[in-house]
There are 4 protein chains.
Amino acid sequence: MIVIMRSHAPQEQVQAVIDRVHELGFRPHVSTGEERTVIGIIGDERHLQEDAFEIIEGVERVVRVLKPFKIASRDFHPENTVIPINGCRIGSKQVILMAGPCSVESRDQVFEAAEAFKEAGGHIFRAGAFKPRTSPYSFRGLGEQGLCLLAEVKSAFGLAIVTEVMAPEQVPMVAGVADILQIGTRNMQNYNLLDAVGRIDKPVLLKRGMMSTMEELLMSAEYILSSGNERVMLCERGIRTFETYTRNTLDLSAVPVLKELTHLPILVDPSHACGKAAWINALSRAAIASGADGLLVEMHPHPEVAISDGAQQISPQAFRELMADLERVAEAVDRSL
Amino acid sequence: MIVIMRSHAPQEQVQAVIDRVHELGFRPHVSTGEERTVIGIIGDERHLQEDAFEIIEGVERVVRVLKPFKIASRDFHPENTVIPINGCRIGSKQVILMAGPCSVESRDQVFEAAEAFKEAGGHIFRAGAFKPRTSPYSFRGLGEQGLCLLAEVKSAFGLAIVTEVMAPEQVPMVAGVADILQIGTRNMQNYNLLDAVGRIDKPVLLKRGMMSTMEELLMSAEYILSSGNERVMLCERGIRTFETYTRNTLDLSAVPVLKELTHLPILVDPSHACGKAAWINALSRAAIASGADGLLVEMHPHPEVAISDGAQQISPQAFRELMADLERVAEAVDRSL
Amino acid sequence: MIVIMRSHAPQEQVQAVIDRVHELGFRPHVSTGEERTVIGIIGDERHLQEDAFEIIEGVERVVRVLKPFKIASRDFHPENTVIPINGCRIGSKQVILMAGPCSVESRDQVFEAAEAFKEAGGHIFRAGAFKPRTSPYSFRGLGEQGLCLLAEVKSAFGLAIVTEVMAPEQVPMVAGVADILQIGTRNMQNYNLLDAVGRIDKPVLLKRGMMSTMEELLMSAEYILSSGNERVMLCERGIRTFETYTRNTLDLSAVPVLKELTHLPILVDPSHACGKAAWINALSRAAIASGADGLLVEMHPHPEVAISDGAQQISPQAFRELMADLERVAEAVDRSL
Amino acid sequence: MIVIMRSHAPQEQVQAVIDRVHELGFRPHVSTGEERTVIGIIGDERHLQEDAFEIIEGVERVVRVLKPFKIASRDFHPENTVIPINGCRIGSKQVILMAGPCSVESRDQVFEAAEAFKEAGGHIFRAGAFKPRTSPYSFRGLGEQGLCLLAEVKSAFGLAIVTEVMAPEQVPMVAGVADILQIGTRNMQNYNLLDAVGRIDKPVLLKRGMMSTMEELLMSAEYILSSGNERVMLCERGIRTFETYTRNTLDLSAVPVLKELTHLPILVDPSHACGKAAWINALSRAAIASGADGLLVEMHPHPEVAISDGAQQISPQAFRELMADLERVAEAVDRSL
């Protein structure tokens, strides 16, 4: 950590910072410039708060030197983490397509979707049983009943299942069915939930909060990792900006940046990012070309009658075309589907 | 709800929309312009999703006519909601100052803070026992022990207590001590938690998500209200923007806008918004002048040794000055402290 | 345009809107719902302001039906606009790579850059003579002298030149050398400058403002198009968000969305978007995969001694690798370099 | 400037940074931590670019120590700058209300507005002759003719005039009439225009870009100041965020923050920030309470027929009420109107 003093701060203010550094068990390293004094703090700053110094009179700014995440960091774990699931290896050269409807709506709907997905060559099926909805008056998912239908799909088609868990008390129940537990964008900083999935032995798909920085995403991953669960994959799904044509702004820079910062696999969800079926193909191609390890795509057997998110779900036909298109792009970046 | 067709969309596409409107049990109202056809949908659109129409070929855009919130709306409940607590009437002409330290750190610290607050004339004391923290390595509050200390403060000083609850399973425990349950900014869309506080008989202070629109804030209030708990107060606490000098950007426009949209009391938290003690006074004055019903301010007996958020907590002395300054501003807008 | 009245607005307020519609020479179309009245306005709304109705008592909201841009719109001009320059066809199946240093720094530097670019197979060379800089103390370009050096490069290497123009009075001078005039991100809404480049007979590369919506970008294009200059190409270069790891957030959704809305060619500038050389390759591949018509990349013969923007400029060697990588991606989306 | 090396960067990378520091004429100050080496650079960093070091292999991040603005800084000029105009002293204890219509529309309109303003006790009248408009099809102001009408108003009523200048070539003409030249939000980084107003002897009102940071605002002020014009006042007018209920988000934190950073007067424009007449009063009161030196308010004799921005202009009657309300708030913060 580096403490930057105000211009021409008097010596007693500098000394107050130095004293505080010693009190907290660190070592100061003072550098006197022409206008300002800068104090470096030697030691593991992850256990320090900027506040401890910002409050001292004469301090202008405090800058961290270390990244605040550790287990999630590539410095700590240089090799890519690879998570094997149902014959797929997430984080390897293979690009993974997870797809399925927004919500489990009925036995017929989810079986039809799963059949189409299986036929198209899919391995990891997504569908929501518990649905976070902005309005209390919207369809909030079939809950436990939806989970049972997913268990049926799993055994009928041999597909792995990824589905969302919304509260700590749901974790055991969802983990009983799901192969991957999804933490949704609105729960990325629900720390009790992160603790809960950190203590189980199942892979976790952690979606970036729609207004969270990459650093906050990695700090939330750090919650899960530091609780003992090492199988975490990240998912960029669009961030909130001033632009209104798209539902959110897909931040594909996050792929190369996160690849540099962390060893965890990076997926991309183009469906929630843009909110419109017509743009999914272009954004999926771009995601693969940027280096993503996989995609999470919404596909519904009949998007026009979907109970939720109809506008952004693609049809099974569009999904097959998407797979064909992505195979070519994957190859062009030395990967395979 | 209004469906706007693409320019010169053919009649069969228009008909498909009309058919869908009938299928869903609503009535269409077609208006043919020079370039575009527009279809109004008559009925209570709160039970309709835009998606149901956006997915139909030829549809360019779907616009809601009604506001999606109902019980929270001033149309539904024209008079201000007033919430009486410990001799205060939140939402009345009286301006309420809730203050106290970021976290309960120890018995001595919380008693010293409470004593200073009581002497300054305060009624509702704030302090965190459960603390949401970005890093798993930061101090996460004293938890149950912190709650016990708050119970002691309550009986020792006759202060009402507002404190955060982070998970549904904590609700009964926190409600056993707190007079107001706070939902923090990162949990504004934790729907299981909103449901849980909606079922108890205690006032709820709902903080705006740092990444949430006013409409989403009102929809989250609607969750609580529609579960049966009518004592909800809202709190603007800064939103995330591109500006980096301040921690967040305090959105004071939210005060007059929310006053127009809803009957619920509106508080303002300048401490988390700006992140720096030196700016609290100016922003507190501005909040009262804009029409806020009260403030939530962080005050610590010794900010320089605070375990969390030291930089934004003011001293008891600064708090007394703040109260004196705010009394004058309150009077200038025909209110009292 | 659609005027949505407040809930249960009285008949005289509705009548006031109807009267105003007639006064302004349009026809009203009233639709009475259960809670609200909605008034459609028939006629070419591009000459109407929402304000004309928002100010009337009882009006809650005014919604546009038509897009505010016309000549830029694909409705108006369904075929892609193709702009031929120096043997390239911008907007065709061919993907165009424009590259070169941030600034013209010296004769040696710009010749070395141009030679490397030419050898790598480039056609359109970029370099800044007039540089917009946040600080008045930074290097602001060589100005006219830089322009002369670009004229030399042009004749020596047979490269077309794209370079920025910053003020209306510079337009004739810059147009004397440049094959494409670039309007920078900070000048996207400098309307006097847009008017000036609208009146000349040279292609214009219009960069999206870092703080501008796609609609505003198209409205700025409309300024140029409506002044008579039809050769406009758009460039996405990153927008400002809360994320700080990258300089800006590259909005690749803009590519498919703009392709749907407009017939103009869409380029992408990954260099300014992310601000770091290491991420350029991944983002360039993503841009091409998303459907962009070309790229604008910063390349410097010796990035480590560049006077401006060193961190985001790639070396000639990295540029040759980039071209090879992009050739494969272009092919995978049925295009060529 | 401080250069932070990557974790365990080898000695030759550290040496490369040290060599570069010497080459550029500065002195390095190396501090070796447990994981990282940090190199402080001693000298006036305002003439250094971060890029010069970011590009060197092994460098993780570069942090500025000094603020990039100098003449605008309170460090440089501790006392408030006070600008006397027409009997007002902007930047003193006196709070200044500048008001008038969005655009000069006609002789009658502008005279009626000026008369009402004068009667209400106003001193500095605002109205636009040159209007920046998003659409080329909107009313763009009366131009020179509008300027002549403002000259008439000035001599008829003895009011000082503040009006916008949009291009360098308009500066002499506008300066011939205006007492204060306004730089609009879209031109805050139009550097040629900043240079032009920096060379004249008239006060300048510089509006913050709607997506510019406070630091960028101060850097733009620095352009004007460093060209020799010391009479600059700043104006916060709302920034662009994800919130859509208000046109922009008024950032009142900017008032205390800018007051700390700079000696220049700070005005607030609530009209453009919120976009709706009904919210102007609350936001104006808040602005004064936060410490602003004045306001810029849109007032139209007949807002319902205004050619531009009708929805946000208040009537003369509302303006008189506003003045009365503000007088009380000003007094409550020890200032006067």
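If you're wondering where the values come from, they're calculated on a predicted model, not measured in any experiment.

**Brief notes about the interface of chain D and chain B**
- On the side of chain B, 40 residues touch chain D, which itself brings 40 residues to the contact.
- Roughly 3200 Å² of surface becomes buried between chain D and chain B when both sides are summed, with 64% attributable to carbon and sulfur atoms.
- A per-residue breakdown of the area chain D buries against chain B is headed by F242(D), Y245(D) and R328(D), which together make up 20% of the total.
- Our count for the contact surface shared by chain D and chain B stands at 6 salt bridges.
- With a shortest N-O distance of 2.9 Å, R328(D) and D334(B) are connected by a salt bridge.
- Here chain D is connected to chain B by 14 residue pairs in polar contact (both at pLDDT 80 or more).
- Among the elements that line the side of chain D that touches chain B, the one with the most residues is helix α10 (residues 280-290) of chain D, at 6 residues.
- Split by residue class, the side of chain D that touches chain B holds 21 nonpolar, 7 polar and 12 charged.

**Quick word on the domain arrangement of chain A**
- Here chain A is described as being made up of domain 1 (2-63) and domain 2 (83-332).
- Relative placement of domain 1 of chain A and domain 2 of chain A: their C-alpha centres are 44 Å apart.

**Digging into the environment of R20(A)**
- Within the secondary structure layout, R20(A) lies in helix α1 (residues 11-23).
- Residue classification places R20(A) among the buried residues on the basis of a relative accessible area of 13%.

**Things to note about the sheet that holds strand β9 (residues 160-164) of chain C**
All names here are of chain C.
- Strand order in the closed barrel made by the 8 strands is β7-β8-β9-β10-β11-β12-β13-β14, with parallel pairing throughout. The sheet shows a mean angle of 25° between the axes of neighbouring strands, direction not considered.
- The sheet strands contacting helix α4 (residues 144-157) are β8 (124-126) and β9, and the helix crosses β9 at an angle near 165°.

**What to know about the interface of chain D and chain C**
- The interface of chain D with chain C comprises 50 residues on the first partner and 49 residues on the second.
- Summing both sides of the interface, chain D and chain C together bury roughly 4200 Å²; the carbon and sulfur share of this comes to 48%.
- Among the residues of chain D in contact with chain C, I55(D), Y137(D) and M211(D) are the three that bury the most area, contributing 16% of the side total.
- On the surface where chain D and chain C come into contact, there are 4 salt bridges.

**A word on the relation of the copies chain D and chain C**
- The two copies are related by a screw motion: chain D maps onto chain C through a turn of 180° and a shift of 0.0 Å along the axis, at an RMSD of 0.1 Å. Expressed as an axis order, the relation between the two copies is that of a two-fold axis. Closest approach to the rotation axis among the C-alpha atoms of chain D is made by M211(D), whose C-alpha sits 3.0 Å away.

**Quick notes on the sheet that holds strand β7 (residues 96-100) of chain D**
All names here are of chain D.
- Here we have 8 strands rolled up into a closed barrel, ordered β7-β8-β9-β10-β11-β12-β13-β14, and parallel in their pairing. In this sheet, adjacent strand axes meet at a mean angle of 25° when their direction is disregarded.
- Note: β7 against strand β14 (residues 294-298), 5 bridges, orientation parallel. Counted as the bridge partner of G100 is E298 from β14.
- Helix-sheet contacts for helix α3 (residues 107-119) involve β7 and β8 (124-126), and the interaxial angle to β8 is about 150°.
- Sheet strands touched by helix α8 (residues 254-261): β12 (232-236) and β13 (266-268). Its angle to β13, the strand with the most contacts, is close to 165°.

**Notes on the side chain of Q94(C)**
Residue and element names in this part refer to chain C.
- For Q94, the location among the structural elements is in the loop between β6 (88-90) and β7 (96-100).
- Only 2.9 Å separates the side chain of Q94 from the backbone nitrogen of R89, close enough to count as a polar contact.
- Leave out the neighbours within four places in its chain, and Q94 touches G87, C88, R89, D293, R335, S336 and L337.

**Regarding helix α11 (residues 316-332) of chain C**
- Taking 1.5 Å of rise per residue, the 17 residues of α11(C) would be expected to cover 24 Å, and the 25 Å separating its terminal C-alpha atoms lies within 8% of that figure.
- Regarding α11(C), the residues found buried are P316(C), F319(C), L322(C), M323(C), L326(C), V329(C), A330(C) and A332(C).
- As for α11(C), its buried residues are in contact with α11 (316-332) of chain A together with β7, α3 (107-119), α10 (280-290) and β14 (294-298) of chain C.
- A positive phi of about 60° marks D334(C), the residue just after α11(C).

**What about the packing of aromatic side chains?**
- Counted under the stated rule, the structure contains 16 aromatic pairs over all chains.
- Considering the side-chain rings of Y191(D) and Y223(D), the 4.6 Å spacing of their centres and the 20° angle between planes classify their relative orientation as stacked. On the criterion of sequence distance, the pair formed by Y191(D) in helix α6 (residues 191-198) and Y223(D) in helix α7 (residues 214-226) is long-range, its members being 32 residues apart.
- With relative accessibility at 1%, the residue Y191(D) sits in the buried group.
- In this arrangement the basic side chain of R107(A) is found over the ring face of F111(A), its NZ or CZ atom lying 4.3 Å from the centre.

**Comments concerning the packing of helix α7 (residues 214-226) of chain B against helix α8 (residues 254-261) of chain B**
All names here are of chain B.
- In contact at an axis separation of 11 Å, α7 and α8 are set at 45° when each is read in the N-to-C sense. Taken together, the axis directions place α7 and α8 in an arrangement best described as oblique. When the axes of α7 and α8 are compared, the crossing they make is right-handed. Residues M214, L217 and L218 of α7 pack against A254, V257, L258 and L261 of α8.
- A per-class count over the contact of α7 with α8 returns 7 nonpolar, no polar and no charged.

**Some thoughts on the environment of L296(A)**
Residue and element names in this part refer to chain A.
- By secondary structure assignment, the location of L296 is in strand β14 (residues 294-298).
- Residue L296 is classed as buried on the basis of its relative accessible area of 0%.
- C-alpha separation for the pair L296 and R237, spaced 59 residues apart in sequence, amounts to 9.0 Å.
- Once residues within four sequence positions are removed from consideration, L296 is found in contact with M98, R126, Q182, L205, K207, C235, V268, D269, P270 and S271.

**What to know about the pattern of salt bridges**
- Tallying each qualifying case throughout the model produces 84 salt bridges over all chains.
- Linking D75(C) and K67(C) is a salt bridge whose minimum nitrogen-to-oxygen distance equals 3.6 Å.
- A residue is classified by how much of its surface remains accessible, and K67(C), at 11% relative accessible area, is buried.
- Three or more residues are tied together by salt bridges with common partners; here these are R36(A), E60(A), K67(D) and D75(D).

**Quick notes on the side chain of D195(A)**
- Positionally, D195(A) belongs in helix α6 (residues 191-198).
- Non-local contacts of D195(A), meaning those with residues more than four positions away in its chain, are made with Y223(A), S227(A) and R140(B).

**What to know about the pairing of strand β4 (residues 59-63) of chain C**
All names here are of chain C.
- Here β4 lies mainly inside the structure; 4 of its 5 residues are buried.
- As paired elements, strand β1 (residues 2-5) and β4 share 4 bridges and run antiparallel to each other. Along β4, the bridge assignment pairs I4 with R61.

Rules of the game
Residues numbered from 1 in each chain as written. Chains lettered and ligands numbered in written order. Predicted model: local features only at pLDDT ≥ 70, side-chain atom pairs only at ≥ 80, totals over all residues. Heavy atoms only, no water. Contact = heavy atoms within 4.5 Å. Buried area = accessible area lost by both parts, 1.4 Å probe. Salt bridge = Lys/Arg side-chain N within 4 Å of Asp/Glu carboxyl O. Polar contact = N/O pair within 3.5 Å; in protein donor to acceptor, adjacent residues only side chain to side chain. Helix = DSSP H or I, 4+ residues; strand = E, 2+ residues; numbered from the N terminus. Nonpolar A, V, L, I, M, F, W, Y, C, P; charged D, E, K, R; others polar. Domains from an automatic or database assignment. Buried < 20%, exposed > 50% of the residue type's maximum accessible area, 1.4 Å probe, protein only. Pairing = 2+ DSSP bridges. Axes fitted to C-alpha atoms, helices over the stretch in contact; angles between N-to-C directions. Least-squares fit on C-alpha atoms with pLDDT ≥ 70 in both. Expected span 1.5 Å × (residues − 1). Phe/Tyr/Trp six-rings, centres within 6.5 Å; stacked < 30°, edge-to-face > 60°. Lys NZ or Arg CZ within 6 Å of the ring centre and 35° of its normal. Parallel < 35°, antiparallel > 145°, perpendicular 65-115°, else oblique. Left-handed = near helix turned anticlockwise from the far one by under 90°.

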